[in-house]
Amino acid sequence: MIFRLAVAAMATVSLAACQLIDAATEPTDLYTVTPKSTFDPGLPAVYWQLAVEVPAAAASLNTGRIAIAMTPTSIDYYAKVAWTDRAPLMVQTRIVDSFEATRKIVAVSRESIELRANYLLQPDLRNFEAMYYYGPQPIVRVRIIAKLVRMPDRQIIGVASFERCVRARADKVPKVIEAFDQALGSVMKRLVSWTLRTPPPRPPGESAGYDIERYRNPANAVNDSEGCPRGNDASGVPLADE
């Protein structure tokens, strides 16, 4: 009986210790980003359906923690703060929201919903971090490489890279989140516009045939980068809007 009580007491102490450790490591502040809601009114209306995959991402970004880079070859994270979801899932949701905000597309959804899509957007989240090696005010870098795939034959008909950098107005987490929001918003605006303009407005089979050679030519790949440092020169990086 004494042994059982001792074991129970030890278990209680161990559980309490675990709870204290969890409480110490659990984020106290959660942050998110917003969808893009303003677009060029000249965007074409399209009559096809689109599915958006969860962005592929390296293990360092495939997390709910907010990534920072103290050097070009290191990744760390802010303490006691996090995104409201894993970064790729959060970005996928905001991309879908942004397409819906255009009111130019028949239907768009997450790929997991199994929409019978005419096209599949495959984003690759290459950069989503705050860089601290360009000065005391960190620079947020967001880069997405996207492939647009025609369904059901899974023919790639477009490849594009979108990159934006924004310097936070202060080395404080809320200000850095503002820079994340602005950089991602600019990337999503261009990603959405490119996607809507790449295929014909009508679904495959209802329009003229594709010029596949044009899509396969690497010279036609889109490389859209703005505001990011060039080597050690970060003078052209814009400050986040107030």
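Keep in mind it's a predicted model, so treat the numbers as computed, not measured.

## A look at the overall build of the chain
- Secondary structure summary: the chain contains four helices and ten strands in total.
- Starting at the N terminus, the α and β elements of the chain follow one another as α-β-β-β-β-β-α-β-β-β-β-α-α-β.
- Every one of the 242 residues in the chain was classed for burial, and the buried ones make up 42%.
- Long-range contacts, defined as pairs at least 24 residues apart, comprise 74% of the intrachain contacts of the chain with a sequence gap of at least 6.
- Summed over all atoms, the accessible surface of the chain reaches about 13,000 Å², with 53% contributed by carbon and sulfur.

## Focus: the state of the cysteines
- Counting across every chain of the model gives one disulfide.
- Here Cys165 pairs with Cys228 through a disulfide, and the sulfurs are 2.1 Å apart. Every disulfide takes its handedness from the sign of the S-S torsion; for Cys165 and Cys228 that torsion is 90 degrees, giving right-handed. One end of the pair, Cys165, is in strand S9 (residues 155-167); the other, Cys228, is in the segment after strand S10 (222-226), with 63 residues separating them in the sequence. Taken individually, Cys165 and Cys228 each receive the classification buried, so the pair is uniform in this respect.

## Section: the pattern of salt bridges
- On inspection of all chains with the given rule, the structure shows nine salt bridges.
- Of the charged contacts, one joins Asp153 and Arg150 as a salt bridge, the two residues approaching to 2.5 Å between their closest N and O atoms.
- Note on Asp153: relative accessible area 45%, which makes it partly exposed.
- A relative accessible area of 15% places Arg150 in the buried class.

## Examining the pairing of strand S7 (residues 119-131)
- With ten of its 13 residues buried, S7 lies for the most part within the structure.
- By the bridge criterion, three bridges tie strand S2 (residues 46-52) to S7 in an arrangement that is parallel. Bridging across to S7, Val52 finds its partner in Leu121.
- Bridge count for strand S3 (residues 56-57) against S7 is two bridges, and the pairing is parallel. Counterpart to Ala57 in the pairing with S7 is Leu125.
- Pairing geometry for strand S4 (residues 65-69) and S7, over two bridges, is parallel. Each bridged residue has a counterpart across the sheet, and for Ala69 the counterpart in S7 is Met131.
- As judged from the twelve bridges shared by S7 and strand S8 (residues 139-150), these two strands associate in the antiparallel manner. Opposite Met131, over in S8, you have Ile139 as the bridge partner.

## Looking at the packing of aromatic side chains
- Per the counting criterion, the structure on display carries seven aromatic pairs.
- Taken together, Trp83, Phe128 and Phe180 form an aromatic cluster joined through their ring pairs.
- Above the ring of Tyr47, the side-chain terminus of Arg202 is found at 4.0 Å from the ring centroid.

## Observations concerning the side chain of Ser193
- Tracing the sequence through the fold places Ser193 in helix H3 (residues 173-197).
- Taking relative accessible area as the criterion, Ser193 reaches 12% and is therefore assigned buried.
- Ignoring any residue separated from it by four or fewer positions in sequence, one finds Ser193 in contact with Phe39 and Leu43.

## Overview of unusual backbone geometry
- For the bond running from Met151 to Pro152, omega is 5 degrees, close enough to zero to count as cis.
- As for its placement among the helices and strands, Pro152 is situated in the loop between S8 and S9.
- Phi at Lys80 takes a positive value of approximately 60 degrees, unusual for a residue other than glycine.
- With respect to the element layout, Lys80 can be found in strand S5 (residues 76-83).

## Things to note about the packing of helix H2 (residues 87-102) against H3
- Relative to each other, H2 and H3 sit at 55 degrees, their axes nearing to 10 Å. One way to sum up the angle between H2 and H3 is to call them oblique. Every pair of crossing elements has a handedness; the one defined by H2 and H3 is right-handed. Together, Val91, Arg94, Ile95, Ser98, Phe99 and Thr102 of H2 and Leu184, Met188, Leu191, Val192, Thr195 and Leu196 of H3 make up the contact between the two elements.
- The residue inventory of the contact of H2 with H3, partitioned by class, reads eight nonpolar, three polar and one charged.

Thresholds applied
Residues numbered from 1 in each chain as written. Predicted model: local features only at pLDDT ≥ 70, side-chain atom pairs only at ≥ 80, totals over all residues. Heavy atoms only, no water. Helix = DSSP H or I, 4+ residues; strand = E, 2+ residues; numbered from the N terminus. Buried < 20%, exposed > 50% of the residue type's maximum accessible area, 1.4 Å probe, protein only. Contact = heavy atoms within 4.5 Å. Areas by Shrake-Rupley, 256 points an atom, 1.4 Å probe, with all protein chains shown as cover. Disulfide = S-S within 2.5 Å. Salt bridge = Lys/Arg side-chain N within 4 Å of Asp/Glu carboxyl O. Pairing = 2+ DSSP bridges. Phe/Tyr/Trp six-rings, centres within 6.5 Å; stacked < 30°, edge-to-face > 60°. Lys NZ or Arg CZ within 6 Å of the ring centre and 35° of its normal. Axes fitted to C-alpha atoms, helices over the stretch in contact; angles between N-to-C directions. Parallel < 35°, antiparallel > 145°, perpendicular 65-115°, else oblique. Left-handed = near helix turned anticlockwise from the far one by under 90°. Nonpolar A, V, L, I, M, F, W, Y, C, P; charged D, E, K, R; others polar.

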